[in-house]
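Descriptive analysis of the structure
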Amino acid sequence: AWKAYQVGKTIKDIDLVLAYTAPPSVGEIGRRLAKFHQVPFLLEVADVWPDVPIGMGIIKNRLLASFLSWRINLIYCDTRHIMAFSEDMKEMIGRHVPQHPSIQVIHNGADPSFFLLEKVHPKHPKKVSLLYAGTLGRANGLSQLFDAMAFLSEAALAKLEVIIVGSGNEEVEVKERAASFSNVSFHPSCTRAGISDWLEKADIGLSMFAPFPVLESNGATKFFDYLAAGIPVLIYYQGWQSEYLNEYNCGLSSNQRDAKALAENLTQLIKNEQMREIMGGNALKLAQTTFDRDLLAEKMLSLFQATLRNN
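Residues numbered from 1 in each chain as written. Predicted model: local features only at pLDDT ≥ 70, side-chain atom pairs only at ≥ 80, totals over all residues. Heavy atoms only, no water.

What about the overall build of the chain?
Under the convention used in this document: Each helix is a run of DSSP H or I of at least 4 residues and each strand a run of E of at least 2, with the numbering of both proceeding from the N terminus. The globule rule is 2.2 Å times the number of residues to the power 0.38, and the radius of gyration it is compared with is taken over C-alpha atoms. Remark: exposure states derive from per-residue accessible area (1.4 Å probe, protein chains only) relative to the maximum for the residue type, with buried under 20%, exposed over 50%, and partly exposed in between. By the convention used here, residues are in contact when the closest approach between their heavy atoms is within 4.5 Å. In short, Shrake-Rupley with a 1.4 Å probe defines the accessible areas, and a residue's cover is counted only from the protein chains shown. Neither His nor the chain ends contribute to the count of charged residues, in which Lys and Arg are positive and Asp and Glu negative. Positions of charges follow a simple convention, taking NZ of Lys, CZ of Arg, CG of Asp or CD of Glu.
For the chain, the count of helices and strands is 14 helices and 10 strands. Its C-alpha radius of gyration of 21 Å places the chain within 12% of the 19 Å reference for a compact globule of 311 residues. For the C-alpha atoms alone, the extent of the chain along its principal axes is close to 65 × 45 × 35 Å. A total of 311 residues make up the chain; the buried ones form 53% of that total. Relative to all contacts within the chain whose residues are 6 or more apart in sequence, the contacts with residues 24 or more apart total 69%. Approximately 15000 Å² of the chain is accessible, and the part contributed by carbon and sulfur atoms is 53%. Each charge sign in the chain was given a centre, from 31 positive and 33 negative side chains, and these centres are 5 Å apart.

Some remarks on the packing of aromatic side chains
Convention followed: Working definition: rings of Phe, Tyr and Trp (its six-membered ring) pair if their centres are within 6.5 Å, and the pair is stacked with planes under 30 degrees apart, edge-to-face with planes over 60 apart, and tilted otherwise.
The tally for this structure, following the rule as stated, stands at 13 aromatic pairs. Seen in terms of ring centroids, Trp240 and Phe291 are 6.4 Å apart; in terms of plane orientation they differ by 80°. Their pairing is edge-to-face. With a gap of 51 residues between them, Trp240 in helix 11 (residues 240-248) and Phe291 in the loop between helix 13 (273-289) and helix 14 (293-310) connect regions that are remote in the sequence. The buried category is assigned to Phe291, whose relative accessible area is 0%. The rings of Phe223, Phe224, Trp240, Tyr244, Tyr248 and Phe291 are connected pair by pair, giving a single aromatic cluster.

A closer look at the sheet that holds strand 10 (residues 251-253)
Which entries qualify depends on this criterion: Note on pairing: DSSP must find at least two bridges between two strands before they are called paired. Lines are fitted to the C-alpha atoms to define the axes, a helix being fitted only along its stretch in contact, and any angle between axes, read from their N-to-C directions, falls within 0 to 180 degrees.
Pairing in this open sheet of 6 strands is parallel, and the strands run 7-6-5-8-9-10 from one edge to the other. In this open sheet, the two strands that pair with only one neighbour each are strand 7 (184-187) and strand 10. Taken pair by pair, the neighbouring strands of this sheet meet at an average axis angle of 20°, ignoring direction. Relative to strand 8 (residues 204-207), strand 5 (residues 128-133) runs parallel, the two sharing 2 bridges. Across the sheet, residue Leu131 finds its bridge partner in strand 8, namely Gly205.

Topic: unusual backbone geometry
Note the cis peptide between Trp49 and Pro50, where omega equals -5°. Structurally, Pro50 is set in the loop between strand 2 (41-45) and helix 3 (51-55). One non-glycine residue, Arg257, lies in positive phi territory at about 70°. By the secondary structure assignment, Arg257 is in the loop between strand 10 and helix 12 (259-271). Arg257 sits in the exposed class, given a relative accessible area of 64%.

Brief notes about the side chain of Asn282
What counts here: Whenever a nitrogen or oxygen atom comes within 3.5 Å of another N or O atom, the pair is scored as a polar contact, on the condition that within protein one atom can donate a hydrogen and the other can accept it, and that pairs from neighbouring residues in sequence are kept only if both atoms are in side chains.
Along the chain, Asn282 falls in helix 13. Of the polar contacts made by the side chain of Asn282, one reaches the backbone oxygen of Tyr248; its length is 3.4 Å. Among residues more than four places away in sequence, those in contact with Asn282 are Tyr248, Asn249 and Cys250.

Thoughts on the side chain of Asp111
As for its position among the elements, Asp111 is in the loop between strand 4 (103-105) and strand 5. Aside from chain neighbours lying at most four places away, what touches Asp111 is Arg192, Ala228 and Arg293.

A look at the packing of helix 12 against helix 13
We apply this condition: With respect to orientation, any angle under 35 degrees is reported as roughly parallel, any angle over 145 as roughly antiparallel, any angle of 65 to 115 as roughly perpendicular, and every other angle as oblique. Classification convention: Asp, Glu, Lys, Arg as charged; Ala, Val, Leu, Ile, Met, Phe, Trp, Tyr, Cys, Pro as nonpolar; all other residues, Gly among them, as polar.
One can describe the packing of helix 12 onto helix 13 by two numbers: an axis separation of 5 Å at closest approach and a directional angle of 95°. For the element pair helix 12 / helix 13, the angle class is roughly perpendicular. Where helix 12 approaches helix 13, its residues Gln268, Leu269, Ile270 and Lys271 are matched on the opposing element by Glu273, Met275, Arg276 and Met279. Of the residues belonging to the contact of helix 12 with helix 13, the class tally is 4 nonpolar, 1 polar and 3 charged.

Have a look at this one:
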């Protein structure tokens, strides 16, 4: 971070500084560079600190939590605009700096043009493919999937194939939990083009997080990729994504820690091909009309332009 700050000081002819933060250190670099260059500072927030590590029980010391909140509030207060990845994140940031004049929502968007899939890969006519493409880490809690699969009927299990693409620090644990199911396959992390190949084969996209309510504010890339690929989305949490899925009828959600409810939602999607087709079409429409990255880029660009005009 210190080296990045030193390099940033050498860059000339800067009109504004944009920092992207999950790590608070990136936001701090942006704040200091904006002061050094005497230009406006904008901040894009993908994870709200220190709320997430506190909510997950990673940070338990109250003094440390208070110090981190104070530090992040300094960063927030020095921004001209804060761009949050979700409505829930905007609300969380608002609790940190209730008087901030500009907290916007600009989602981590979808790219429908990239995922114009032809579905050329042949599918097993009797199988329904559930795809999880993402990190196998503590925050993701993918082992919970197998708690839900234990509630599935033999007929549903026989029709289901689970494809897991990714890696992470809980990969060994997840594979151990999956060992009792013969319909689960694991594949290494791959490029964006490789994910496109897996999405072509998928009937349902799965997104899940460890059972910490603070994680319901997330804006995971996989959620938007599933929408852009035109497949129904199955999530194992509530929050803002659940509201979009319900409103646009493009997926199903269930409460955290309710494995039976997740199993019931999965069973619906396995059994009902027409439901999958309708939800998949709605998912693509939502990606195109609301979460298209070109639209979101225009919104961000308008903030840049307004900032420069008013500076």
